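# Working through the structure, step by step
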Amino acid sequence: MQIKLPFFTLLLLISFASVNAVLFTPALPDIAHFFSIGEDAAQQTITLFLVGYALGQLIYGPIANRFGRKPALYAGISLQIVSSVLCVLAGIIHQYWLLVIARFLLALGSGVGLKMTFTLVNECYEPKTASEKISYLLLAFAITPALGVALGGLLNTYYGWMSCFCAGAFYGLIVLFFATRLPETQSTLNLNALKIRHLLTDYSNQFKNKQLIAGGLLMGSATSFVYAFATIAPFIAINVFGLTSAEYGMANLIPPFGLILGSIIGARLSKKYDLESIIRAGVIIISFGAIIMFIAMLTQRHLMFSLFLPMIIIYFGSCFIQANASTIAISNASDKAHGSAVMSFINMGLATCVVLSTGLFSMTTLLLPSIYIMLCFIMVGCLKLLMRKNNPLNLRAYH
């Protein structure tokens, strides 16, 4: 019998980490001023978050297999709440090192949302339905993170940057409440799941799965657009173009329209077309948006036309990639928990590498579109790897 999952709860879970990642970003310049540090040092709060986010994906797979899906969720959400409080404490005692560590722990905790969402959806639905569900779940990336940035901008402007982490802790409590209402999909516990030899064998097998790796890299490329924007855009908009954090937060409500439209159209296309065609269309659309951004930045157009409007196009195309690439990847994994963990690890690992690379360059207006164009080339390579003729996965078999 097919288990039905509460859609609203899945929306909260899949965006859990992304909200925690971006909620405080409008306050980054103020955080740098508060602790008397440079912009590069302030970006460590995002970098360490992504490192913890990526590593956290590998933790919850074995925990979920050993203790169950819901206990794994409870552990991660609880860690997120405690870590948010530690971030506030870092401001109270004026210790930047504590803020960085707390952000790392915050990522470890909130990372449970994305990983367990993919696990639950792919356990409860067959591949075609799972792809459709995930397409609609991508609406969460349009709604909650955008609202998070807007809320963070307002909170920082009127109550200071520490209020952003207070809001994060409250959000964690809300997610925890709804998580208690989820069904437990793990019928048989694996008592050996946390043993080192067992872990090494399981993860070694998953990393040998070429479709899983290629799908994870495609997802990671699409995810990198979001986190590169969260890392670089605040400094461009606030320090270069002179926006206030509140204005920047409100302007961030514009790009998610691309995610909303892309999620709805992507879900409908998944019923009619094969995954290969949809992913390829997504890569083309994203490339188009990146080129527009580069030209607009180069010719010094208004911030709305050079930053926020191109992001609508980029976000629109990313929806065609995320849902379908994840379906291809996990459909090839016999162990959905470990498969989704490896896929999510590769996904966030690539995003982490991209964000780390931003610190190697000067913060100019051309930095963001240049990174985006580089990511487009990566996606083309991943797409070719995924669609090789000797690929044993028949993508059209699901439609």
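Right above here is the structure, for reference.
Report on the accompanying structure. Here, residues in each chain are numbered from 1, in the same order as that chain's written sequence. Per-residue local features are limited, in this predicted model, to residues with pLDDT of at least 70; the limit for side-chain atom pairs, both in listing and counting, is 80 or more; totals at the level of whole chains, interfaces and linings are taken over all residues. Hydrogens and water molecules were not included; the side-chain quantities draw on all heavy atoms of the structure.

### Examining helix H6 (residues 69–92)
The criterion, for reference: Numbering of helices and strands starts at the N terminus; helices are DSSP runs of H or I of at least 4 residues and strands are runs of E of at least 2. Multiply 1.5 Å by the residue count of a helix minus one, and that product is the helix's expected span.
Under the 1.5 Å per step criterion, the end-to-end length of H6 is 36 Å for 24 residues, consistent within 8% with the ideal 34 Å. Positioned one or two residues after H6, His94 has a phi angle of 60°, which is positive.

### Thoughts on the nonpolar core
For clarity, the cut-off: The term nonpolar core refers to a set of buried residues drawn from Ala, Val, Leu, Ile, Met, Phe, Trp, Tyr and Cys, joined through side-chain atoms within 4.5 Å. A 1.4 Å probe rolled over the protein chains alone gives each residue an accessible area, and that area as a share of the maximum for its type sets the label: buried under 20%, exposed over 50%, partly exposed in between. In what follows, a contact means two residues having at least one pair of non-hydrogen atoms within 4.5 Å.
In terms of nonpolar packing, the biggest core is built from 127 residues, with Phe229 and Tyr372 touching the most fellow members. For this core, the leading source of residues is helix H13 (residues 210–240), giving 17 residues. With residues near it in sequence (within four places) discarded, Tyr372 still touches Phe225, Ala228, Phe229, Ala290, Met293, Met311 and Ile314.

### Some thoughts on the side chain of Thr25
You can see Thr25 is positioned in the loop between helix H2 (16–22) and helix H3 (28–34). Those residues in contact with Thr25, other than ones at most four positions away along the chain, are Ile46, Val149, Ala230 and Pro234.

### Quick look at the environment of Phe104
Mapped onto the secondary structure, Phe104 falls in helix H7 (residues 96–110). With 59 residues separating them in the primary sequence, Phe104 and Thr45 have C-alpha atoms 7.8 Å apart. Beyond its immediate stretch of four places on either side in the chain, Phe104 contacts Leu48, Val51, Gly52 and Leu55.

### A word on unusual backbone geometry
Here the phi dihedral of His94 falls at roughly 60°; this positive angle occurs in a residue that is not glycine. Relative accessible area serves as the criterion here: at 40%, His94 is assigned to the partly exposed category.

### Here we look at the pattern of salt bridges
Note on pairing: side chains with opposite charge can pair once their charged atoms come close. Put simply, the rule is: Here, a salt bridge means any Lys or Arg side-chain nitrogen found within 4 Å of an Asp or Glu carboxyl oxygen.
One pass over the full model with this rule turns up 1 salt bridge. The salt bridge involving Glu276 is made with Arg280; its shortest N-O contact spans 2.4 Å. Taken together, the residues Glu276 and Arg280, both in helix H16 (residues 275–298) and 4 residues apart, mark about one turn of the helix. Under the relative-accessibility criterion, Glu276 is labelled buried at 16%.

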